Amino acid sequence: MDSKKLALNERVKLLVDALDGDEKINEALSRCEDGEDMLDVLIDVSSGLKLGLSRDDLKRTPPIRDWIWWKNKQSLVTLGDGTLRHQQDISSKTRWDSWSISFFKFFKMRR
């Protein structure tokens, strides 16, 4: 079967399965300085497997999307002493921020 005809999530799953246990590729991914470098490696692997995945496909499809965010140190939500933030809404106070800060402070004071 032509893998390019599979759904996007299925093609990404095939890519992730190919990465599992492949020391050479995993080493190359770990040496990448940022998410863009990771995308270069992943596109090469995808091309070799003839999956037809684009950079945009990888940027928006989990778990690859999450790996790229992690490599760029851009998590969806940051918990702890730092400011809680959402990747797509950094500049304004989000609904998540407004209730969660109070919630976490409440538990911290009750210790």
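Residues numbered from 1 in each chain as written. Predicted model: local features only at pLDDT ≥ 70, side-chain atom pairs only at ≥ 80, totals over all residues. Heavy atoms only, no water.

Considering the pattern of salt bridges
Evaluation of the coordinates by the stated rule reveals eight salt bridges. For the salt bridge of K59 with E36, the shortest nitrogen-to-oxygen distance reads 3.4 Å. Highlighted residues: K59 in helix α4 (residues 55–60) and E36 in helix α3 (residues 35–49), separated in sequence by 23 residues. For K59, a relative accessible area of 40% puts it in the partly exposed group. One salt bridge connects R55 with D40, and the closest N-O pair in it is separated by 2.7 Å. Note that R55 is positioned in helix α4 and D40 in helix α3, a separation of 15 residues in sequence. Residues participating in the shared-partner salt-bridge network are E36, D40, R55 and K59. (Salt bridge = Lys/Arg side-chain N within 4 Å of Asp/Glu carboxyl O. Helix = DSSP H or I, 4+ residues; strand = E, 2+ residues; numbered from the N terminus. Buried < 20%, exposed > 50% of the residue type's maximum accessible area, 1.4 Å probe, protein only.)

Points about the environment of L51
For L51, the location among the structural elements is in the loop between α3 and α4. By relative accessible area, L51 is classed as buried at 2%. The spatial distance from the C-alpha of L51 to the C-alpha of V12 is 8.3 Å, given a sequence separation of 39 residues. Ignoring any residue separated from it by four or fewer positions in sequence, one finds L51 in contact with S3, K4, R11, L14, L15 and S46. (Contact = heavy atoms within 4.5 Å.)

Thoughts on the nonpolar core
Core analysis: the largest hydrophobic core is formed by 18 residues, its most contacted members being L15, L19, L29, L42, L53, L58 and I64. Where this core is concerned, the elements lending two or more residues are α1 (8–19), α2 (23–31), α3 and α5 (64–71). Residue contributions to this core peak at six residues, all from α3. Once residues lying within four places of it in the same chain are set aside, the contact partners of L42 are L15, L19, L29, L58 and I64. (Core = buried A, V, L, I, M, F, W, Y, C linked by side-chain atoms within 4.5 Å.)

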